[in-house]
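Structural overview for review
Given next are the chains, with one letter for each unit.
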Amino acid sequence: MQGGSIKDYLMLHLIVLIWGFTAILGLLITLPALELVFYRTLIASVGVLILMWFRTKPVLIPFHEMWKVIGTGCLIALHWILFFGSAKVSTASVCLAGMATTSLWTAFVEPFINRTKIKWYEVLLGLIVISGLLVIFKFESGYWLGLSMALVSAFLAAVFSVINGRLTQRHSPYQITFYEMAGACIFSLLFLPVYSFGFNDGEPIQWAWHGLDWFWLFLLGGVCTVYAFSVSVELMKRLSVFSINLTVNLEPVYGIVLAVLIFGESEKMTPEFYYGTLIILISVLIYPVLNYWNRRRKKAVRTLG
């Protein structure tokens, strides 16, 4: 874990709380998953561009770097399409439980991309996550599609988080957020034909907003995306990707509690679902202890050497 202040970790938990609300917003908004992602990223890209203009932040980055950031945005778009799709075919709780595996994927993806050694305790925590998933799958088999979509979404979240951890060393959070949201918006449009005939049974694309969709969309695009995404990218300068994604495992706790409070009986699951989710979230409590012990051990070895 890189150096980080108490303020950094408190801010991280605020961001996770906000993200815990996104699956609920996905259910409150009547639009299908792809159309929802398109509007979310469109609002977010325009919003961060306006923010950069008011704060006189530089927008342009080198062309070869621009395509890397835009390409990462495409991964983010696919991640969100699967994320909201998972919530809509199952429940917000199932979606958030699947997303808690992000740290498991990160334990393998980060060493692969950054060419570093896999840490044994990160693999151990990953195995704990798997045991929790097995409990959920065993007793909530009716939600296998939604949970499977959430697992793939979590894998993509791990990939783009690790990439962002590298991009933050070269570009500002505003620049990264703008180009990634623009890339995600473009990808959503290009993916429409595949989505319409491959996943939507040829149904017409639903562009129209209904009821309070406009309010929920601007809340999703503004607070949950422009603000939360920019702050999370900024935190990557001081906190490790794994520690961030492990803390994001608390997203199901915040989200499930909020979902039950808002949607009531439709979000209540079997006791075994909560047992499985609890097993997954134990890793959040174990990681800081193991990481602290590992850093102390390395420091002791260097001192003796």
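As a starting point, this report considers the structure included with it. (Residues numbered from 1 in each chain as written. Predicted model: local features only at pLDDT ≥ 70, side-chain atom pairs only at ≥ 80, totals over all residues. Heavy atoms only, no water.)

Details of the overall build of the chain
The following threshold applies: Secondary structure follows DSSP: runs of H or I at least 4 residues long count as helices, runs of E at least 2 residues long count as strands, and numbering of each begins at the N terminus. We call a residue buried when its accessible area falls under 20% of the maximum for its residue type, exposed when it is over 50%, and partly exposed in between, using a 1.4 Å probe and counting protein chains only. We call two residues in contact when some of their heavy atoms are within 4.5 Å. Methods summary: accessible areas were calculated by the Shrake-Rupley approach with a probe of 1.4 Å, and residue burial reflects only the protein chains presented.
A tally of helices and strands in the chain yields 14 helices and zero strands. Buried positions account for 53% of the 305 residues belonging to the chain. Considering only intrachain contacts with a sequence separation of at least 6, the fraction spanning at least 24 residues in the chain is 88%. Summed over all atoms, the accessible surface of the chain reaches about 14200 Å², with 72% contributed by carbon and sulfur.

Section: a nonpolar patch on the surface
For the record, the criterion: Each patch is built from salt-bridge-free residues with over 30% relative accessible area, joining like charges within 9 Å and nonpolar side chains (Val, Leu, Ile, Met, Phe, Trp, Tyr) within 5 Å. Salt bridges, as used here, are contacts in which a Lys or Arg side-chain nitrogen is within 4 Å of a carboxyl oxygen on Asp or Glu.
Taken together, the side chains of Leu-42, Val-46, Ile-50, Trp-53 and Phe-54 present a nonpolar region at the surface, about 560 Å² in accessible area. Here Trp-53 is to be found in helix H3 (residues 33–54). Trp-53 gets classed as exposed once you look at its relative accessible area, which sits at 64%.

As for the side chain of Ser-45
Just so we agree on the cut-off: Within 3.5 Å is the distance limit for a polar contact, defined as a pair of N or O atoms, with the added protein rule that one can donate a hydrogen and the other accept it, and that residues adjacent in sequence qualify only through two side-chain atoms.
By secondary structure assignment, the location of Ser-45 is in helix H3. Overall, Ser-45 belongs to the buried group, its relative accessible area being 7%. There is a polar contact of 3.0 Å between the side chain of Ser-45 and the backbone oxygen of Leu-42. If we skip the residues at most four places from it in the chain, Ser-45 touches Phe-178, Met-181 and Ala-182.

As for the packing of helix H5 (residues 92–99) against helix H8 (residues 144–167)
When two helices pack together, their arrangement is captured by the angle between the axes and the distance separating the axes. What counts here: A fitted line through C-alpha atoms represents every axis, and for helices the fit uses only the stretch in contact; the resulting angles, taken between N-to-C directions, go from 0 to 180 degrees. When describing relative orientation, an angle under 35 degrees is termed roughly parallel and one over 145 degrees roughly antiparallel, while 65 to 115 degrees is termed roughly perpendicular and anything else oblique. Crossing handedness is defined as follows: a turn of the near helix away from the far one that is anticlockwise and smaller than a right angle gives a left-handed crossing, while the clockwise case is right-handed.
Two elements in contact, H5 and H8, have axes separated by 7 Å at closest approach and are oriented at 40 degrees. When the interaxial angle is binned, H5 and H8 end up oblique. Along this stretch, H5 crosses H8, giving a crossing that reads as right-handed. Counting all contacts with H5, which are made through Val-94, Cys-95, Ala-97, Gly-98 and Met-99, the residues of H8 involved are Gly-146, Leu-147, Ala-150, Leu-151, Ser-153, Ala-154 and Ala-157.

Some points on unusual backbone geometry
Glycine aside, residues mostly have negative phi, and peptide bonds are mostly found in the trans state. At Thr-56, a residue that is not glycine, the phi angle is positive and equals roughly 50 degrees. Within the secondary structure layout, Thr-56 lies in the loop between H3 and helix H4 (63–89). By relative accessible area, which is 67% here, Thr-56 ends up exposed.

Digging into a positive patch on the surface
Here is the rule we go by: Neither His nor the chain termini are counted; the positive set is Lys and Arg, and the negative set is Asp and Glu. One atom stands in for each charge, and that atom is NZ of Lys, CZ of Arg, CG of Asp or CD of Glu.
On the surface, Lys-117, Arg-296, Arg-297, Lys-298, Lys-299 and Arg-302 cluster together into a positively charged patch. When you line up the elements, Arg-302 lands in helix H14 (residues 271–304).

Re the pattern of salt bridges
Following the criterion strictly, the structure yields two salt bridges and no others. Among the salt bridges present, the one from Arg-170 reaches Glu-65, with a minimum N-O distance of 2.9 Å. With Arg-170 in the loop between H8 and helix H9 (173–190) and Glu-65 in helix H4, this pair connects stretches of sequence that are 105 residues apart. Residue Arg-170 is classed as partly exposed on the basis of its relative accessible area, which comes to 44%. Taken together, the shared-partner salt bridges in this structure form one network comprising Glu-65, Lys-68 and Arg-170.

Here we look at the environment of Ile-256
Within the secondary structure, Ile-256 is located in helix H13 (residues 251–263). A C-alpha to C-alpha distance of 5.1 Å links Ile-256 and Ser-93, two positions 163 residues apart in sequence. When near neighbours in sequence (up to four residues on either side) are disregarded, Ile-256 contacts Ser-93, Leu-96, Phe-273, Tyr-274 and Thr-277.

With respect to the packing of aromatic side chains
In plain terms, the rule: Each Phe, Tyr or Trp ring (for Trp, its six-membered ring) is paired with any other whose centre lies within 6.5 Å, and the angle between the two planes then decides the class: stacked below 30 degrees, edge-to-face above 60, tilted in between.
In this structure the tally under the stated criterion is eleven aromatic pairs. Look at Trp-53 and Phe-54: their rings are 5.0 Å apart centre to centre, the planes differ by 75 degrees, and that puts the pair in the edge-to-face class. We note that Trp-53, like Phe-54, is exposed. Arranged with centres 4.9 Å apart and planes meeting at 65 degrees, the rings of Phe-178 and Tyr-179 form a pair that is edge-to-face.

Notes on the environment of Trp-19
The residue Trp-19 is located in helix H1 (residues 6–20) in this model. The exposure class assigned to Trp-19 is buried, which follows from its relative accessible area of 16%. Residues Trp-19 and Ala-228, 209 residues apart in the sequence, show an inter-C-alpha distance of 7.7 Å. In contact with Trp-19, not counting residues within four places along its chain, are Cys-224, Ala-228, Phe-229, Ser-232, Val-248 and Glu-251.

With respect to helix H6 (residues 102–114)
Applied cut-off: One less than the number of residues in a helix, times 1.5 Å, gives the span that helix is expected to have.
Compared with the 18 Å implied by 1.5 Å per residue over 13 residues, the 17 Å span of H6 between its first and last C-alpha is a close match. Along H6, the positions that sit buried rather than exposed are Thr-102, Ser-103, Leu-104, Thr-106, Ala-107, Val-109, Glu-110 and Pro-111. Count one or two residues on from H6 and you reach Arg-115, which has phi positive near 55 degrees.

Observations concerning the nonpolar core
One recurring pattern in soluble globular proteins is that nonpolar side chains are buried together. The condition that has to hold: We call a set of buried residues a nonpolar core when its members are Ala, Val, Leu, Ile, Met, Phe, Trp, Tyr or Cys and they connect through side-chain atoms within 4.5 Å of each other.
One finds Ile-29, Phe-83, Phe-84, Tyr-179, Leu-220 and Ile-244 to be the most contacted residues of the largest nonpolar core, which totals 66 residues. One finds Ala-97, Leu-104, Leu-147 and Ile-280 within the second-largest nonpolar core, a separate group that totals twelve residues.

The quantities given are spatial measurements derived from coordinates; they are silent on function.
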